Amino acid sequence: MLHPRSLLPIPLAVALTLVPAATAPAATPIPLGTVAAADVAVDAAGAAHVALSGTDGAVSHCLIPRDGTGCVRRTPIAMPGAPIGSEVHVQVNGAAVLVTAARSTGDPDGDGPAVAVSTDGGASFAPGVRVGSSQVLAGQQVVGPDGALWHGVMSGGFLNVVRAAFDGSTPTSTPRLVFDGPGAGVDPAGFAIVDGVAVAVRPTDPAAFFAHPLGSGDPHVATSWSPPGTLTPTAGRVIGEPSLASGGRGMVLTTLENGSLEAAITARRWTGAGFGPPVVLYRNQGGSNNANNGEVTADPGGRFHAVFTGDNGSTLRYTRSADGGATWSPAQVLTTSPDRSVLRARASAAADGRGFAVAVRGEEWFALPLEPSAGLPGEPTVTTKVTEGDTDLLLGLPRGCLPAGDVRVTLTQRARKVKTRRSTGRRVVVKVTRVDFSVDGRNVRTDRRAPFTQTLRLVGLAPGSTHVVRARAFLKVRTGKQRTRSIRRSVRICA
């Protein structure tokens, strides 16, 4: 799984709109059929590319448009040899789609993953080519800065770094590359790369992380990785099911922390030298094993998205963070399962924060759209204030850099205690009658009714660029001339 899944750069043409804030209704699950495994990657247009591994070992690709209700196209993918296990991965970059599955081909140096490449958005795939040697694919895969696919395996703590190009050229078949550490025989189940450092996390025995600065040696040699770093669970709990993601706002690790009386899903932020204290995303009381961690993923706009199951497998839940994992929205329920059988959730999202999750209910896999409304509770805001008479006017925007996509902007009034004016003996009473919102001097929408809350859609702004958000308030004043006041705040688009 690639974090972020879509590598397509944001176009430089500027498109700025304001749309009314809205909360997305509960979505209907999209059936994917009885398959052994599925993975999802969302492209820049918001379409879901779903890789499916059938119960018979057949591999295929399903395309679901952003607002689609099912697969508009299913494409079979020819893979060499026979399947090993059922795990499958998918990556997207523009029109290129890469699907990876573990295969047994009878080669003398062992079995290994095979990669199939599409250059037309999944309409057709070249036959899969065996790349590297390993056993069964683990639950995470990332793409390094050099374009190499990094993926883990479920046996013996192996790690493969393979070369598979997005340009449609034949993936490079490498000799057997086996990573015997960290912790030989213990599976490092989570992988991510941030700021030139690859990080692997293993669960239990005990839980630990290992770091490898890229270019500092062969990543398949244990000595090129740091000694094990400590991951301390909450007292009375055991860490398991790690998932890592990295993006424009750092790296986040989510895990399941199991205790005798409750299970919790937690998130930790990467500090550059280790992981910070856990933030509880969800707590399920009433015994252990009542929750399962799914996946955390980062979108190109800088948000983190986490999906997992709760309530003893009867709910699929979702939460996101817009500030690098410091705070998270409440864990909303995406769907329920009366027979408590929801498991193996994965997710991916586009730069505007919308995406898809996939999971299995019993033996039936399904997809669900992720459509978080802008400004979900839990996203911190910072305000800029001006004062007029007896009123403070406050412009509110999310703290930190702004991700591409939907961002909530507000203008609110707050009464303040003031002395009466000496000349008239009266207080200056102010009422906002209209607000013009603009970005870089362009008026994009007028709001004439309180509460003055809109969703600012930032599309096509260059990563790292700086812009000015302005709210121009038209004021009705009980005493004195009518007037306007403007509040401005400089904002930076997340890199």
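As the structure is a prediction and not an experimental result, all values here were calculated from the model.

## Observations concerning the pattern of salt bridges
Side chains that differ in sign of charge can pair as their charged atoms come close. In total, this model carries nine salt bridges according to the counting rule given. A salt bridge links R354 to D67, with the nearest nitrogen and oxygen atoms 2.8 Å apart. Of this pair, R354 sits in the loop between β25 (342–349) and β26 (355–361) while D67 sits in the loop between β4 (59–64) and β5 (73–77); the two residues are 287 residues apart in sequence, bridging distant segments of the chain. Overall, D67 belongs to the exposed group, its relative accessible area being 60%. Among the charged side chains, a salt-bridge network with shared partners connects D39, E87, R344 and R346.

## Some points on unusual backbone geometry
Note: most residues except glycine have negative phi, and most peptide bonds are trans. At E241, a residue that is not glycine, the phi angle is positive and equals roughly 50°. Checked against the element boundaries, E241 lands in strand β17 (residues 237–247). One non-glycine residue, D440, lies in positive phi territory at about 55°. With respect to the helices and strands, D440 occurs in the loop between β31 (430–439) and β32 (442–447).

## Remarks on the side chain of S60
Structurally, the position occupied by S60 is in strand β4. Residue classification places S60 among the buried residues on the basis of a relative accessible area of 17%. Apart from the residues within four sequence positions on either side, S60 is in contact with V50, A51, L52, T75, P76 and I77.

## So, the packing of aromatic side chains
One pair of aromatic rings is described through two measures. These are the centre distance and the angle between the planes. The full count for this structure, using the stated rule, is four aromatic pairs. Between F209 and F275, the aromatic rings sit 5.5 Å apart at their centres with planes inclined by 85°, giving edge-to-face as the arrangement. Here the residue F209 occupies a position in strand β15 (residues 208–213), and F275 occupies one in the loop between β19 (262–269) and β20 (279–285), the gap between them amounting to 66 residues. Relative to F275, the ring of W270 lies with its centre 4.9 Å away and its plane at 65°, an arrangement referred to as edge-to-face.

## What about the confidence of the model for the chain?
Caution is warranted with low-pLDDT regions, since their predicted coordinates should not be read in detail. For the chain, per-residue confidence averages 76 on the pLDDT scale, and 74% of positions sit at 70 or higher. Throughout residues 1–25 the model reports pLDDT below 50, and contacts reaching past four residues in sequence, or to other chains, amount to 97 contacts. pLDDT under 50 marks residues 373–378. Its contacts with residues more than four places away, or in other chains, come to 19 contacts.

## What to know about the nonpolar core
The biggest cluster of nonpolar side chains holds 25 residues, and the ones touching the most others in it are L411 and V432. Only β29 (391–398), β30 (405–415), β31, β33 (452–459), β34 (466–477) and β35 (483–492) provide two or more residues apiece to this core. The contact partners of L411, leaving out residues within four places of it in the chain, are L394, V432, V435, F437, F452, A471 and I487. L32, L52, A350 and V360 belong to the second largest nonpolar core, which has 17 residues in total.

Rules used in this analysis
Residues numbered from 1 in each chain as written. Predicted model: local features only at pLDDT ≥ 70, side-chain atom pairs only at ≥ 80, totals over all residues. Heavy atoms only, no water. Salt bridge = Lys/Arg side-chain N within 4 Å of Asp/Glu carboxyl O. Helix = DSSP H or I, 4+ residues; strand = E, 2+ residues; numbered from the N terminus. Buried < 20%, exposed > 50% of the residue type's maximum accessible area, 1.4 Å probe, protein only. Contact = heavy atoms within 4.5 Å. Phe/Tyr/Trp six-rings, centres within 6.5 Å; stacked < 30°, edge-to-face > 60°. pLDDT = per-residue confidence, 0-100. Core = buried A, V, L, I, M, F, W, Y, C linked by side-chain atoms within 4.5 Å.

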